[in-house]
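Chain by chain, the residues run as shown.
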Amino acid sequence: SRRLLLNIPPGPKPWPIVGNFGGFLIPSFIQRRFGQQPSTSDKTAVGVLTELTKLYGNVYSLFVGSQLVVVLNGYEVIRDAFSNHPEVFSDRPDIPAISIMTKRKGIVFAPYGPVWRKQRKFCHTTLRNFGFGKLSLEPCILKGLDTIKSELLRLNEESGGAGVDLAPLISHAVSNVICSLILGQRFHHEDREFRSMLHLMDRGLEICVNSPAVLINAFPFFYHLPFGVFRELRQVERDMTAFLKRFIAKHRETLDPENPRDLTDMYLIEMLAQQANGNADSSFTEDYLFYIIGDLFIAGTDTTANSVLWVLLYLILHPDIQDKVQAEIDEVVGTQRVPSLTDKGSLPFTEATIMEVQRLTVVVPLAIPHMASETTEFRGHTIPKGTVVLPNLWSVHRDPTVWDDPDTFNPARFLDNEGNLMRREYFIPFGIGRRVCMGEQLAKIELFLTVTCLLQSFTFRLPDGTPPPSLRGRFGLTLAPASFSVCVSPRI
Ligand code: HEM
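Remember, it's a predicted structure, so these values are computed and weren't measured experimentally.

Asks: Would you mind showing me how to read the overall build of the protein here?
Replies: Helices and strands together make up the secondary structure of the protein, namely 18 helices and 11 strands. Dimensions of the protein along its principal axes, counting C-alpha atoms only, are 70 × 60 × 50 Å. Across the 492 residues that make up the protein, the buried fraction comes to 51%. Accessible surface for the protein amounts to roughly 23000 Å². Of this, 56% is attributable to carbon and sulfur atoms. Here the protein carries 50 positive and 52 negative side-chain charges, and the mean point of each set is 6 Å from the other.

Here it is as structure tokens:
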């Protein structure tokens, strides 16, 4: 009745106190506590959110506790919101557990406005210049892939046919790309400092998303509780802060303004220039840099690593497509040289395969929460200021009105009759609008080089007698494939 009265989008009736998410949280708690299946349905949470459109239409609302959340579904609605109303829908909500950690600085969770704009523009341009200029991205990625390849061979032999878990190898290579661009340094996968940083990041995210620490969002003072995950979260935050501050201090001490080594140097140079110009209000400070580095690590590692893992998993489950990708690589690249970025454009089937996996899996299925910065009328409904707005990207990629047979894995849907790659408007794994992924170009390059290099070198298959892993995925901050092991056979 409150919905009708205020003309806010329709939606299911909320539970007392917990809101609609009681329907998700309580069954999942029962499952964890008692090991029972909460329901017989094999739908993912985003699948369930998409199903709700059948009852309430493409713009509907939910309550998380007392917070109003509007879910936008389908391409038309999402494009309408983010392209036609960018000034209203580009803000980010103040989510207590996240705001405590980020202080609403950095890029990802920074409020929409001039500070976010300047910081994003600076980082975007710097990454682009480094990526394609002096500190060229390609050799940096290829070096990491060399390490993966030899490690994979060694572990495969040692496993005696039981298979290798690819996740740590891929995650190490992807993290090293970000480390090189931001910190100017690569780490050996056994480096203690590097391993503990990755562990801290994983653990911090796991606690924020998948532990009783989510209660901080309802009761922010829980953050200070002296026990359990609350205490652990504060420790993780302290360790992470010490690690990054050490790096920034080392950069400051060794800075040579004529020879910037990485994004941190470029940022410090910009900061000093703004100070020299007497710009006392500048947002370019060491403190802000700290949050930017954290953001780029978090936004740029799990997303890319999980996308690579999804591609490999699909290829293992579809050996015919794996053969076709390899045949294309063999024909265009051959075996005498490693694939390069100049091959992008000549490997349409490989690119189409990567895109098709991204379409089906959508590693950030609900993007990052947006917020309405003012009360607005949208498609016949009132969306009050402060409403959390979730673009359901998954619904766009599974929409039967724009994709034929959307649940089927079919890379050819991205190719025209001549076998050339076709850009598809409804393919939006990086989101759209002003908050579109800042690392889209970098991620595409990493995905392309990683997949082509690995497929040129190895054939991937499941260990004998292993049942095919589920394609349902694990939903944390990103949608990751369930862990799986592979056996590899060298091809060159
Ligand atoms: C935001 C996807 C890799 C940096 C996002 C968003 C999505 C996304 C869906 C949210 C868009 C929205 O809020 O509407 C992906 C995928 C990736 C990937 C699928 C890999 C395949 C990267 C990489 C970086 C990065 C490698 C950085 C180096 C960011 C940043 C934002 C963002 C900074 C926040 C933008 C803002 O709020 O202005 N990404 N991303 N991402 N991504 Fe990515």
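Read on, since the account is not over.
Asks: Hey, could you run me through the pattern of salt bridges in this one?
Replies: Opposite charge on two side chains lets them pair, provided their charged atoms get close. Under the criterion given, the structure shown has 19 salt bridges. Notably, a salt bridge pairs Glu76 with Arg79, separated by 3.1 Å at the nearest N-O pair. Within this pair, Glu76 and its partner Arg79 are both found in helix α4 (residues 75–84), separated by 3 residues, close to a single helical turn. The class for Arg79 is partly exposed, based on a relative accessible area of 28%. Notably, a salt bridge pairs Arg461 with Asp464, separated by 3.5 Å at the nearest N-O pair. The exposure class assigned to Arg461 is partly exposed, which follows from its relative accessible area of 38%.

Asks: How should the sheet that holds strand β4 (residues 370–371) be read in this particular structure?
Replies: Across the sheet, 4 strands lie side by side as β1-β2-β7-β4; this open sheet has mixed pairing. Looking at strand neighbours, the two that pair on one side only are β1 (59–64) and β4, the edges of this open sheet. Here 2 bridges tie β4 to strand β7 (residues 388–392), and the two strands are oriented antiparallel to one another. Each bridged residue has a counterpart across the sheet, and for His370 the counterpart in β7 is Val389. Helix α3 (residues 45–56) rests against β1, β2 (67–73) and β7 of the sheet, and its axis sits at about 125° to β1. Of the strands in this sheet, β1, β2, β4 and β7 are in contact with α4, which crosses β2 at around 120°.

Asks: Got a minute to help me understand the sheet that holds strand β3 (residues 164–165) in this structure?
Replies: Strands in a sheet are paired, the pairing made by backbone hydrogen bonds, and the direction either parallel or antiparallel. In space, the 3 strands of this open sheet follow the order β3-β11-β8, with antiparallel pairing throughout. Lying at the two open borders of the sheet, with one neighbouring strand each, are β3 and β8 (458–461). Sheet strands in contact with helix α8 (residues 137–159) are β3, β8 and β11 (485–490), and its direction is about 105° off that of β11. Where helix α18 (residues 440–457) meets the sheet, its contacts fall on β8 and β11, and the angle it forms with β8 comes to roughly 90°.

Asks: What's the story with the coordination of the iron atom of the ligand in this structure? I'm lost.
Replies: Where a metal carries four tetrahedral donors, each ideal angle is 109.5 degrees; where it carries six octahedral donors, the ideal angles are 90 or 180 degrees. Counting protein donors around the iron atom of the ligand gives one, Cys437 (SG), at 2.3 Å. In this structure, Cys437 sits in the loop between α17 (393–397) and α18.

Asks: Would you mind going over the packing of helix α15 (residues 319–332) against helix α16 (residues 348–361) with me for this structure?
Replies: Packed helix pairs are specified by the crossing angle of their axes together with the interaxial distance, meaning the distance between the axes. Running from N to C, α15 and α16 point in directions that differ by 140°, and their axes come no closer than 8 Å. Regarding the angle of α15 to α16, the classification is oblique. Side by side, α15 and α16 meet where Ile321, Lys324, Val325, Glu328 and Ile329 of the first sit next to Pro348, Phe349, Thr350 and Thr353 of the second. Split by residue class, the contact of α15 with α16 holds 5 nonpolar, 2 polar and 2 charged.

Asks: How should I be thinking about unusual backbone geometry in this particular structure?
Replies: Of all residues except glycine, most have a negative phi; of all peptide bonds, most are trans. We note that Asn7 has phi near 60°; this positive angle belongs to a residue other than glycine. As for its placement among the helices and strands, Asn7 is situated in the loop between α1 (2–6) and α2 (22–34). We classify Asn7 as partly exposed; its relative accessible area is 31%. Within the chain, Arg104 stands out as a residue other than glycine whose phi angle is a positive 60°. Along the chain, Arg104 turns up in the loop between α6 (96–102) and α7 (114–132). For Arg104, a relative accessible area of 24% corresponds to the partly exposed category.

About the thresholds
Residues numbered from 1 in each chain as written. Predicted model: local features only at pLDDT ≥ 70, side-chain atom pairs only at ≥ 80, totals over all residues. Heavy atoms only, no water. Helix = DSSP H or I, 4+ residues; strand = E, 2+ residues; numbered from the N terminus. Buried < 20%, exposed > 50% of the residue type's maximum accessible area, 1.4 Å probe, protein only. Areas by Shrake-Rupley, 256 points an atom, 1.4 Å probe, with all protein chains shown as cover. Lys, Arg positive; Asp, Glu negative; His and termini not counted. Charge placed at Lys NZ, Arg CZ, Asp CG, Glu CD. Salt bridge = Lys/Arg side-chain N within 4 Å of Asp/Glu carboxyl O. Pairing = 2+ DSSP bridges. Contact = heavy atoms within 4.5 Å. Axes fitted to C-alpha atoms, helices over the stretch in contact; angles between N-to-C directions. Donors = N, O, S within 2.8 Å, 3.2 Å for Na, K, Ca; no water. Parallel < 35°, antiparallel > 145°, perpendicular 65-115°, else oblique. Nonpolar A, V, L, I, M, F, W, Y, C, P; charged D, E, K, R; others polar.

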